[in-house]
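Chain by chain, the residues run as shown.
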Amino acid sequence: MRIKRIHEDIDWADSILFVPAMLDMHFPLIKYAFYSKDYHPVVMDDEDGITETGLKYINHDMCYPLSQIVGQMVNALNSGRYDVNRVKLLMPAAGDACRGANYVGALRRAMQDAGYGFVPVLTLNVRGVEPESMMRFDFPMVWRAMFGMFYGDILMVLLHATRPYEKKKGAADRLWNKWIKILSRDMISGKNLSLLYMHRNFRLMCRDFSRIRRKDVKKQVIGFVGELYVKYCHLGNWDVVDFIEKQGTEIHVNPLSYYALYYMDTHMIRKHNLEAKGARLLMKLFEMIQKDMIKALEKYDYFSLPPYWQFKKEAHGLVNYNVRNGDGWLIGAEAVGYINHGVEKVFAAQPFGCMVNHCAGRGLYPSLTRKLGKGSIVSTDVDASASKLNYYNRLLMLIHGI
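Let us look at the structure shown here. Bear in mind that the values here come from a model prediction, so they are computed numbers and not experimental data.

So, on to the pattern of salt bridges. One pass over the full model with this rule turns up 10 salt bridges. Here Asp-292 makes a salt bridge to Arg-203, at a shortest N to O gap of 2.8 Å. In this pair, Asp-292 sits in helix H12 (residues 274-299) while Arg-203 sits in helix H7 (residues 195-210), placing the two residues 89 residues apart along the sequence. With a relative accessible area of 17%, Arg-203 lands in the buried category.

Here you go:
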């Protein structure tokens, strides 16, 4: 399958698309899915004063990620680096009863208050939320996004599992950057975006990381679970990966493909229409690729949770599969998966006031450890008014005290 080369020239596209920073390990590649004649994507990367800026235009009752997203976007519009008349803002939304589904309206109000009410806000969802404002996407975009997701997944696992043990500091980061450059060239040119190449690259990446010289030590592993933004964005989790590694500990963050499969399973395949049939086909493709990725990791002795359906089955009776809002039952299932597969310390982070995380996560953790008869789960909140000291102290309690 040949996908056309994309243009990176900002003047070539009709609009500049501001993309919220949500996926540290994935957006370096997934961003290429957004390039088109319609859009030139700019992934938000400003961190200075974004919380203060965000809180000028939203209140503490909204989820913490929104303050970061609004702060970054307003600061970017104020920076003078972009033609604000060409800018459009992208807001991904689950499209269910999660409060995140209200981010689109909240972002519009924030932009109005900031003097940018004329800047369009686009939604990215598959539930038909505000169809008149939905971002246009096509097959090449979905195909590139799929490659970006799975490549981001395996590189994230390899980096986190290698960096704490490297003998030469920076070796794992350099190799990660090397592969990002290689894969970026493929994403831009449209070459080598086939399942055969993906199968080959999975194994080459695992081989390369396995060849990094490692210290002969065994470190404890902390499993990390939580809401999507908090889980995959260092702004949302207050640099938890860096903090854990500095404590002489390894972290494991479950791949994004589990969330993608969870979302299709709980939202997209339950209807009896053409879209649901397409979602079932896409889900089977994702399952096949995920299994191949896990085989590559296991071949080189890297840890992974089981493939999606086995992973889900193992949580039966421990989580409620009817909780499908936001990250829903996936949060508890990941904690179960870690504990059952030897990672018996789990750190759970959630935005303060996130009802899904508090009900399907925090409210469930004591029950999970009692029923499993093993494991420790420590949970804490991230919020603009929360204490980072308390956050890190609870993490230290898990690492050193339990």
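For the rest of this paragraph, the subject is the packing of helix H5 (residues 139-162) against H7. Here H5 crosses H7 at 15°, and the two axes come no closer than 10 Å. Put simply, H5 runs roughly parallel to H7. Judged by the sense of rotation from one axis to the other, the crossing of H5 with H7 is right-handed. On H7, the residues that touch Trp-143, Met-146, Phe-147, Phe-150, Tyr-151, Ile-154, Leu-155, Leu-158, Leu-159 and Thr-162 of H5 are Leu-195, Tyr-197, Met-198, Asn-201, Phe-202, Met-205, Cys-206 and Phe-209. Its residues assigned to classes, the contact of H5 with H7 comprises 16 nonpolar, 2 polar and no charged.

Two elements in contact, helix H2 (residues 50-57) and helix H3 (residues 64-78), have axes whose closest approach is 7 Å; the angle formed by their N-to-C orientations is 100°. Classified by the angle their axes make, H2 and H3 are roughly perpendicular. From H2, Ile-50, Thr-51, Thr-53, Gly-54, Leu-55 and Tyr-57 reach across to H3, where they touch Tyr-64, Ser-67, Gln-68, Val-70, Gly-71, Gln-72, Val-74 and Asn-75. The class makeup of the residues in the contact of H2 with H3 is 6 nonpolar, 8 polar and no charged.

Another aspect to go through is a negative patch on the surface. Together, Asp-45, Glu-47, Asp-48 and Asp-239 give the surface a local cluster of negative charge. Position of Asp-239 among the secondary structure elements: in the loop between helix H9 (234-237) and helix H10 (240-246). Its relative accessible area of 38% is what places Asp-239 among the partly exposed residues.

Here the focus is the sheet that holds strand E3 (residues 87-92). Taken in spatial order, the 4 strands of this open sheet run E2-E1-E3-E4, and their pairing is parallel. One side of each edge strand has no neighbouring strand; the edge strands of this open sheet are strand E2 (39-43) and strand E4 (121-124). Adjacent strand axes in the sheet meet at a mean angle of 30° when their direction is disregarded. Inspection of the sheet shows strand E1 (residues 15-19) paired to E2 by 5 bridges, in the parallel sense. Within E2, the residue paired with Leu-17 across the bridge is Pro-41. Where H3 meets the sheet, it contacts E1 and E3, and its direction lies at approximately 170° from that of E3.

Right, let's talk about the environment of Lys-168 for a bit. Mapped onto the secondary structure, Lys-168 falls in the loop between H5 and helix H6 (171-189). Here Lys-168 falls in the exposed class, since its relative accessible area comes to 61%. C-alpha separation for the pair Lys-168 and Arg-214, spaced 46 residues apart in sequence, amounts to 8.3 Å.

Phe-18, Phe-202, Phe-209 and Phe-347 are the most contacted members of the largest nonpolar core, which totals 146 residues. No other element matches H5, which puts 14 residues into this core. Those residues in contact with Phe-202 that lie beyond four places of it in its chain are Phe-150, Tyr-151, Ile-154, Ile-289, Asp-292, Met-293 and Ala-296.

Procedures and definitions
- Residues numbered from 1 in each chain as written.
- Predicted model: local features only at pLDDT ≥ 70, side-chain atom pairs only at ≥ 80, totals over all residues.
- Heavy atoms only, no water.
- Salt bridge = Lys/Arg side-chain N within 4 Å of Asp/Glu carboxyl O.
- Helix = DSSP H or I, 4+ residues; strand = E, 2+ residues; numbered from the N terminus.
- Buried < 20%, exposed > 50% of the residue type's maximum accessible area, 1.4 Å probe, protein only.
- Axes fitted to C-alpha atoms, helices over the stretch in contact; angles between N-to-C directions.
- Parallel < 35°, antiparallel > 145°, perpendicular 65-115°, else oblique.
- Left-handed = near helix turned anticlockwise from the far one by under 90°.
- Contact = heavy atoms within 4.5 Å.
- Nonpolar A, V, L, I, M, F, W, Y, C, P; charged D, E, K, R; others polar.
- Patch = residues over 30% accessible without salt bridge, like charges linked within 9 Å, V, L, I, M, F, W, Y side chains within 5 Å.
- Areas by Shrake-Rupley, 256 points an atom, 1.4 Å probe, with all protein chains shown as cover.
- Lys, Arg positive; Asp, Glu negative; His and termini not counted.
- Charge placed at Lys NZ, Arg CZ, Asp CG, Glu CD.
- Pairing = 2+ DSSP bridges.
- Core = buried A, V, L, I, M, F, W, Y, C linked by side-chain atoms within 4.5 Å.

Function-wise, these values are silent; they only describe arrangement.
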